[in-house]
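Listed here are the chains, written in short residue letters.
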Amino acid sequence: MTPIPRPGPGPAPLPDPAPQRNNLRGAAWLMADMGLNIWALAIVKAMGADFPAVQIVCIRALTGLVLLSPFLWRGRAELRTRQPGLHALRVALSATAIVTSFYAIARLPLALFTAISFTRPLIMMAMAALILREVVRPAHWLAGLVGLAGVLVAVQPGEMAVNSGLWALMVTIFAGTGAIIVTRKMREESALVMMLAYTGGIGAVTALPAALTWQAPGALWPVLLLIGAFAQAAQYCFLRAHYWGESGVLGPLGYSSLVLSTAVGYYFFGEVPTLHMLAGAAIIIVATLAVARR
């Protein structure tokens, strides 16, 4: 009688596939991310150029590590990664984008800063299609182009004065877009590992430059710590948004933050929006609502 062969150990079972995208969840997380980031940037702007941007970024990162510590201890068993190279690339791009954005926000109107930043979603959709092979529907391309047209109407490039803040913002856009693409490529990583690598990495990268340019915060310590708290919460919302949502949906939806930044700039900094800015914002809102309805 031929014995029945016993199954060998074989290869390890594949991990469960990631759940399907859910654009409604992704949109909700993105709105939370935008709101928290607007308030963090508003605080940075209110402080003006009194502190070096790299010092604010370093304090933000250290504050984030403190806030993360209870979650790191509770989830210490999952603190492992198979993508150290992508983590390092994400940290380098993110640190560059954050430092240059803090430099730029102190030198540009808040609404203008946000409006120019809206060139990022169109770049993100193109890079996601080329690098990540994500399908971007024609309607999403159209919404992105309409939103970009709204940005041009709002900004009026022919009347815009070029300064160091504007050049810093250009660096922010390209570095930040690259960081988003890397983040989307690391979808299988846990949110806790992503946040630890991001926050700890940025703290390590900015520690020495911050020490060399350090200025005593004095009574402004609570304000600087609040920037870190807002930014850390926004980072978690950002990760959840790009875990659930498709880039073709999240890109155009990001245009709605122009409304938030314009309102904050008007009420807290006396930055009165021009007719061009309002017209551009209206175009952006129409594009966002169109893609959300689809």
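Just so it is clear, the structure is predicted and the values come from calculations on it, not from any experiment. (Residues numbered from 1 in each chain as written. Predicted model: local features only at pLDDT ≥ 70, side-chain atom pairs only at ≥ 80, totals over all residues. Heavy atoms only, no water.)

Here we come to the overall build of the protein chain. The helix and strand tally for the protein chain stands at 12 helices and zero strands. Among the 294 residues that make up the protein chain, the fraction classed as buried is 48%. Nonlocal contacts in the protein chain, meaning residues at least 24 apart in sequence, comprise 92% of its contacts between residues at least 6 apart. Accessible area of the protein chain: about 15000 Å², with a carbon and sulfur share of 70%. (Helix = DSSP H or I, 4+ residues; strand = E, 2+ residues; numbered from the N terminus. Buried < 20%, exposed > 50% of the residue type's maximum accessible area, 1.4 Å probe, protein only. Contact = heavy atoms within 4.5 Å. Areas by Shrake-Rupley, 256 points an atom, 1.4 Å probe, with all protein chains shown as cover.)

Here Y103 lies in helix α3 (residues 84–105). Judged by relative accessible area, which is 31%, Y103 ranks as partly exposed. When the C-alpha atoms of Y103 and L169 are compared, they prove to be 8.3 Å apart, with 66 residues separating the residues in sequence.

Take the environment of E134 next. Here E134 is to be found in the loop between α5 (119–131) and α6 (138–155). Taking C-alpha positions, E134 is 8.0 Å from S247, a pair spaced 113 residues apart along the chain. For E134, the contacting residues outside a window of four places in its chain are R21, A128, A129, R184 and S247.

This part is about the nonpolar core. Note on soluble globular proteins: their nonpolar side chains tend to be buried together. In this structure, I56, F102, I116, L169, I202, I227 and L258 are the most contacted members of the largest nonpolar core, which totals 47 residues. Dropping the residues within four chain positions of it, F102 is found in contact with L41, V44, A53, I56, V57, R60 and I227. In this structure, I180, I181, M195 and F238 belong to the second largest nonpolar core, which totals 14 residues. (Core = buried A, V, L, I, M, F, W, Y, C linked by side-chain atoms within 4.5 Å.)

Turning our eyes to something else, we now look at the pattern of salt bridges. Per the stated rule, a full pass over the model turns up two salt bridges. Between E271 and K45 there is a salt bridge, with its nearest N and O atoms 3.5 Å apart. Separated by 226 residues along the polypeptide, E271 in the loop between α11 (257–269) and α12 (275–293) and K45 in helix α1 (residues 23–46) bring together distant segments of the chain. As far as the burial class goes, E271 and K45 line up, both buried. Measuring nitrogen to oxygen at the nearest pair gives 3.0 Å for the salt bridge that ties E246 to R137. With E246 in the loop between α9 (221–244) and α10 (247–253) and R137 in the loop between α5 and α6, this residue pair connects regions lying 109 residues apart in the sequence. (Salt bridge = Lys/Arg side-chain N within 4 Å of Asp/Glu carboxyl O.)

A word on a nonpolar patch on the surface. Taken together, W39, Y266, Y267, F268 and V272 make up a surface patch of nonpolar side chains, about 630 Å² in accessible area. With three residues, α11 is the largest single contributor of residues to the nonpolar patch. Residue position: V272 is located in the loop between α11 and α12. Judged by relative accessible area, V272 falls into the exposed class, the value being 63%. (Patch = residues over 30% accessible without salt bridge, like charges linked within 9 Å, V, L, I, M, F, W, Y side chains within 5 Å.)

In this section: the side chain of T183. Locating T183 in the fold gives a position in helix α7 (residues 164–185). At 2.8 Å, the side chain of T183 forms a polar contact with the backbone oxygen of A179. Setting aside chain neighbours within four positions, we find T183 in contact with R90, M194, F238 and L239. (Polar contact = N/O pair within 3.5 Å; in protein donor to acceptor, adjacent residues only side chain to side chain.)

With respect to the element layout, T100 can be found in helix α3. The buried category is assigned to T100, whose relative accessible area is 16%. If we skip the residues at most four places from it in the chain, T100 touches A168, V171 and T172.

Should pLDDT be low for a region, the predicted coordinates there are not to be read in detail. Scored by pLDDT, the protein chain comes out at a mean of 80, with 89% of its residues at no less than 70. Looking across the protein chain, the model is least confident in α12, with a mean pLDDT of 73, and most confident in α3, with 90. (pLDDT = per-residue confidence, 0-100.)

Two numbers describe how α3 lies on α7: the axes approach to 7 Å, and their chain directions differ by 155°. By the criterion of interaxial angle, the relationship of α3 to α7 is roughly antiparallel. In the packing of α3 onto α7, the handedness of the crossing is left-handed. Residues L86, L89, R90, L93, S94, T96, A97, T100, S101, Y103 and A104 of α3 touch α7, and the partners they reach there are S164, G165, A168, L169, V171, T172, A175, G176, G178, A179, V182 and T183. (Axes fitted to C-alpha atoms, helices over the stretch in contact; angles between N-to-C directions. Parallel < 35°, antiparallel > 145°, perpendicular 65-115°, else oblique. Left-handed = near helix turned anticlockwise from the far one by under 90°.)

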